[in-house]
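Each chain, written out:
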Amino acid sequence: GGGKVKLKVGTNNFEITVKSTSGQVKTYTISIFRKNPPAGVDPKINSSVYTLKDDKILNVMPVTSKDVFVTNLNVENGTAKLTHDGNIKNGDTVEIFDTKGNLRYTYKIVVSFDTNGDGKCTLVDLSLVKRHLLKSDELTGDKFFAADINQDGKISLSDLSLIKRRLLKLDS
């Protein structure tokens, strides 16, 4: 597996549990010390279109281009950079730099409806949500957030209905 975490200034402790091929489970504690960020004005990020929550940017719609995404993300005292061209896909990242070019924040982009990471809302996404609801597959991480369309903290029949409505073009 993999993942990213935001480091606070000072000591950050993380527990990581690993399972060997023989089935043995061990937990390790990793300590990371972060110094004060480099001098410079801290960028401020906001959007009237997207929701910023912790290290995620939510409410990005399927088939959103890089240009439209960056236009709808307001960065004061800094710049936003995406690592690729084309449409935004669930799980992509955007890096926020201050005016001196120092990386200050990294946000994971959550594309609503896009549970398989292709940047679109398709029957595959609908199927993945159905499988989650039937408990035959579990959606976690960014895929979970993409499927939780109404943002109530769970994936429910309501979310499934919203995906169906989008596929049938009953909602934009």
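Our structure's up above, just so we're on the same page.
Let us look at the structure shown here. Since the structure is predicted, the reported quantities are computational estimates derived from the model, not experimental observations. (Residues numbered from 1 in each chain as written. Predicted model: local features only at pLDDT ≥ 70, side-chain atom pairs only at ≥ 80, totals over all residues. Heavy atoms only, no water.)

### Observations regarding the overall build of the protein chain
The condition that has to hold: Numbered from the N terminus, helices here are DSSP runs of H or I no shorter than four residues, and strands are runs of E no shorter than two. For each residue, the accessible area found with a 1.4 Å probe, counting protein chains only, is set against the maximum for its type, and the residue is called buried under 20%, exposed over 50%, and partly exposed in between. Computed by Shrake-Rupley with a 1.4 Å probe, the accessible areas treat only the displayed protein chains as cover when residues are assessed. Asp and Glu count as negative and Lys and Arg as positive, but His and the ends of the chain are not part of the count. Charge positions are represented by NZ for Lys, CZ for Arg, CG for Asp and CD for Glu.
For the protein chain, the count of helices and strands is 4 helices and 9 strands. Here the C-alpha coordinates of the protein chain stretch approximately 50 × 50 × 25 Å along the principal axes. Within the protein chain, buried positions represent 30% of all 172 residues. On the protein chain, roughly 10600 Å² of surface is accessible, and the fraction owed to carbon and sulfur atoms is 51%. Each charge class in the protein chain can be summarised by its mean position, and for the 26 positive and 20 negative side chains these summaries are 3 Å apart.

### Let's talk about the environment of Leu-123
Within the fold, Leu-123 resides in helix α2 (residues 123-133). Considered as a pair, Leu-123 and Leu-167 are 44 residues apart in the sequence and their alpha carbons are 7.6 Å apart.

### Comments concerning the packing of α2 against helix α4 (residues 157-167)
Rule in force here: Here an axis means a line fitted to C-alpha atoms, over the contact stretch when the element is a helix, while the angle between two N-to-C directions is reported on a 0 to 180 degree scale. Here the word oblique covers every angle except those under 35 degrees (roughly parallel), over 145 (roughly antiparallel) and from 65 to 115 (roughly perpendicular). By convention, the crossing between two helices is left-handed when the near helix turns anticlockwise from the far helix through less than a right angle, and right-handed when the turn is clockwise. In this analysis, two residues are considered to be in contact whenever any of their non-hydrogen atoms come within 4.5 Å of each other. Three categories are distinguished: nonpolar for Ala, Val, Leu, Ile, Met, Phe, Trp, Tyr, Cys and Pro, charged for Asp, Glu, Lys and Arg, and polar for the others, with Gly belonging to the last.
In contact at an axis separation of 10 Å, α2 and α4 are set at 165° when each is read in the N-to-C sense. Regarding the angle of α2 to α4, the classification is roughly antiparallel. The two elements α2 and α4 meet at a crossing, and its hand is left-handed. Of α4, the residues touching α2 (which contributes Leu-123, Leu-126, Val-129, Lys-130 and Leu-133) are Leu-157, Leu-160, Ile-163, Lys-164 and Leu-167. A per-class count over the contact of α2 with α4 returns 8 nonpolar, no polar and 2 charged.

### A short note on α4
For clarity, the cut-off: By arc we mean the arc of the directions from the helix axis to the C-beta atoms, nothing more.
For α4, the set of buried residues is Asp-159, Leu-160, Ile-163 and Arg-166. Axial view of α4: buried residues confined to an arc of 120°, hence all on one face. Just downstream of α4, Lys-169 is the residue with a positive phi angle, here 60°.

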